[in-house]
Amino acid sequence: MSGTLSTFPLLTEPAELLPKYLLFLGFAVFLASTMNRNWTLIESVYCAGMIPIEVYSAFVHTKVLPVGYDFVPQALISCYCAVGIVFAYCKSTSILLSSMRASKSHSDDGGQGQPTQLKRD
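Residues numbered from 1 in each chain as written. Predicted model: local features only at pLDDT ≥ 70, side-chain atom pairs only at ≥ 80, totals over all residues. Heavy atoms only, no water.

Caption draft 1: A look at the packing of helix α2 (residues 17-34) against helix α3 (residues 41-64). At their nearest, the axes of α2 and α3 sit 13 Å apart, and the two run at 170° to each other. With respect to their mutual orientation, α2 and α3 come out roughly antiparallel. Residue-level inspection shows Leu17, Lys20, Tyr21 and Phe24 of α2 in contact with α3, the latter providing Met50, Glu54, Ala58 and Phe59. Residue composition of the contact of α2 with α3, by class: six nonpolar, no polar and two charged. (Axes fitted to C-alpha atoms, helices over the stretch in contact; angles between N-to-C directions. Helix = DSSP H or I, 4+ residues; strand = E, 2+ residues; numbered from the N terminus. Parallel < 35°, antiparallel > 145°, perpendicular 65-115°, else oblique. Contact = heavy atoms within 4.5 Å. Nonpolar A, V, L, I, M, F, W, Y, C, P; charged D, E, K, R; others polar.)

As structure tokens, then:
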């Protein structure tokens, strides 16, 4: 979802708001329906945090800060998405390493799930 949110600053026209949000909502629904696992608390909080950041970027920023600070919403969204992408990378790496470790231990014991015993003569 971070990759989708990170493209939002590229769509700046008021006419692009509705298609932007509908596409994001459609992607979120598709992602939630196709994933066969429950989300962790951290992932849920991160996804929920996207809403206030986008509300600030789209509606509040122009009313709070002067005209010279147009980069602030883009920087805020970019940094937030970078955190999500790094988290996803670390989680993917952790899953890969744990599956490799499990695969190695499974192949070391001959597929029996128990450590092998050396026979002494």
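Caption draft 2: Spatial organisation of the pattern of salt bridges. Applying the stated criterion to the full structure yields two salt bridges. For Lys20, the salt bridge goes to Glu54, with nearest N and O atoms at 3.5 Å. Of this pair, Lys20 sits in helix α2 while Glu54 sits in helix α3, and the two are 34 residues apart along the sequence. Each of the two residues, Lys20 as well as Glu54, counts as buried. (Salt bridge = Lys/Arg side-chain N within 4 Å of Asp/Glu carboxyl O. Buried < 20%, exposed > 50% of the residue type's maximum accessible area, 1.4 Å probe, protein only.)

Caption draft 3: Examining α2 more closely. Under the 1.5 Å per step criterion, the end-to-end length of α2 is 26 Å for 18 residues, consistent within 8% with the ideal 26 Å. If you follow the buried residues of α2, they end up packed against α1 (2-5) and α3. (Expected span 1.5 Å × (residues − 1).)

Caption draft 4: Summary view of the packing of aromatic side chains. As enumerated under the stated definition, the model contains two aromatic pairs in all. Centroid distance Tyr46 to Tyr80: 4.5 Å. Interplanar angle 5°. Geometry classified as stacked. One end of the pair, Tyr46, is in helix α3; the other, Tyr80, is in helix α4 (residues 71-108), and 34 residues separate them in sequence. (Phe/Tyr/Trp six-rings, centres within 6.5 Å; stacked < 30°, edge-to-face > 60°.)

Caption draft 5: Structural context of the side chain of His61. Within the secondary structure, His61 is located in helix α3. Overall, the relative accessible area of 4% leaves His61 in the buried class. Contact partners of His61, with chain neighbours within four places excluded, come to Tyr56, Tyr69, Asp70, Val72 and Pro73.

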